[in-house]
Structures are given as C-alpha cells and as structure tokens.
Amino acid sequence: MSDFSAAMADMDTALLETLKDGRVDFLTAAGSVAVEGLDAIVDTDVQRINEVSGFVDRVVTVCVSKAALGAYDRKGGVRSNSIEPVKYLVGKNWHLDGIASDDGDLITFYLVP
C-alpha cells in the first residue's frame, strides 16, 4: 500500500471514530450477523428522489468503512450494535435499499425499516 493510501485509510478511521453515532451490525438477507460492531455515521431525513413517483422521499443512511465491512449481502441489512448502540436504529432491523455513495474507502447505504 502506498503512503498516500495508508494516510487516507488512517484519516477515514479517525473520521469515523470522531463522528460516529455508534456501532452497527451488518446482517445477511437471512438475518444472521455477517459483520459485528462497525463504527457508523447515521443520517436521518436525507432527501432522495423517488424514481417511481418523482417526489422527494426522506430516508435514513448509514456510512461505514468499506474495508472493515468487507464483502456484504446487497439484500442484507443493519441493526444497532448492543454494546455501543445507534439510538435511532435501536429496536428494529433496517434493510439496505441501495448505495448513496461509495468513494472506495467509505460506503453509504440507504436504509428502509
């Protein structure tokens, strides 16, 4: 890994540690835990254009480290981690509803209940 890539990875780690809302567990489509305890930034009321109706929807997003996530199930979901929970996500499993952004280091998913 080049010095620049290593510096970017360190910066992303520091960013997530500083701005995280808690930790999430990534789930497979079957509901089993694929990756546990990822630092996560959760945003609520994110605006997204509904491709069917053309109206603006408000959705929830979760941003995690792509390297820490590894391979994931696109039909999977997330839930709040029990040790360091994300208050907004507690109490239900959220399903992945697309990728909002992916810069190669951090990936942000749209979530639906």
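Keep in mind the model is a prediction, meaning the values are calculated, not measured. Position labels on residues start from 1 in each chain and follow its written sequence. Only residues with pLDDT of at least 70 get local features here, since the model is predicted, and only at 80 or more are side-chain atom pairs given and counted; chain-wide, interface and lining totals rely on the full set of residues. Water and hydrogen atoms play no part in the side-chain values, which are based on all heavy atoms of the structure.

(A) The arrangement of the side chain of Thr61 in detail. The way it works is that DSSP assigns letters per residue, a run of H or I at least four long becomes a helix, a run of E at least two long becomes a strand, and they are numbered from the N terminus. Note that Thr61 resides in strand 3 (residues 56-65). Overall, the relative accessible area of 5% leaves Thr61 in the buried class. Note on contacts: a residue pair qualifies if any of its non-hydrogen atoms lie within 4.5 Å across the two residues. Those residues within four positions of Thr61 in sequence are excluded, and the remaining contacts are Ile41, Val42, Asp43, Val46, Ala100, Thr108, Phe109 and Tyr110. Partly exposed residues are those whose accessible area sits between 20% and 50% of the maximum for their type, while under 20% is buried and over 50% is exposed, using a 1.4 Å probe and protein chains only.

(B) Molecular detail of the nonpolar core. Remark: nonpolar core denotes a set of buried residues (Ala, Val, Leu, Ile, Met, Phe, Trp, Tyr, Cys) joined through side-chain atoms within 4.5 Å. Core analysis: the biggest nonpolar cluster contains 18 residues, and Val24, Phe26 and Val64 have the highest contact counts within it. Where this core is concerned, the elements lending two or more residues are strand 1 (22-27), strand 2 (33-49), strand 3, strand 5 (94-102) and strand 6 (106-112).

(C) Geometry of the packing of aromatic side chains. Two rings belonging to Phe, Tyr or Trp (six-membered ring only in the last case) form a pair when the distance between their centres is within 6.5 Å. Interplanar angles under 30 degrees mark stacking, angles over 60 mark edge-to-face geometry, and anything in between is tilted. One pass over the full model with this rule turns up three aromatic pairs. Summarising the aromatic geometry, the rings of Tyr72 and Phe109 are spaced 5.1 Å apart at their centres and angled 75° between planes, so their arrangement reads as edge-to-face. Separated by 37 residues along the polypeptide, Tyr72 in the loop between helix 2 (66-69) and strand 4 (77-80) and Phe109 in strand 6 bring together distant segments of the chain. Under the relative-accessibility criterion, Tyr72 is labelled partly exposed at 24%. Pairwise contacts between aromatic rings join Phe26, Tyr72 and Phe109 into one cluster. Only when the NZ atom of a Lys or the CZ atom of an Arg is both within 6 Å of the ring centre and within 35 degrees of the ring normal do we say a charge sits over the ring. Of note, Arg48 hangs over the ring of Tyr110, and the distance from its end group to the ring centre comes to 4.2 Å.

(D) How the structure looks around the pattern of salt bridges. In what follows, salt bridge is the name for a side-chain nitrogen of Lys or Arg lying within 4 Å of a carboxyl oxygen of Asp or Glu. Under the counting rule described, the total for this entry stands at seven salt bridges. Salt-bridge contacts for Asp39 lead to Lys20; the nearest nitrogen and oxygen are separated by 3.2 Å. Of this pair, Asp39 sits in strand 2 while Lys20 sits in the loop between helix 1 (3-19) and strand 1; the two residues are 19 residues apart in sequence, bridging distant segments of the chain. According to the relative accessible area criterion, Asp39 is buried, its value standing at 16%. Looking at Lys20, the relative accessible area reads 23%, which means it is partly exposed. With a shortest N-O distance of 2.6 Å, Asp102 and Lys66 are connected by a salt bridge. Taken together, the positions of Asp102 in strand 5 and Lys66 in helix 2 put the pair 36 residues apart, joining distant regions of the chain. Each member of the salt-bridge network shares a partner with another, and the members are Lys20, Arg23, Asp39 and Glu84.

(E) Local environment of the environment of Val24. Within the fold, Val24 resides in strand 1. Judged by relative accessible area, which is 0%, Val24 ranks as buried. Each C-alpha atom of the pair Val24 and Lys66 lies 13 Å from the other, and the pair is 42 residues apart in sequence. Among residues more than four places away in sequence, those in contact with Val24 are Val35, Glu36, Gly37, Leu38, Ala40, Val62, Val64, Val78, Arg79, Asn81, Val86 and Leu89.

Taken by themselves, the reported measurements are silent on function.
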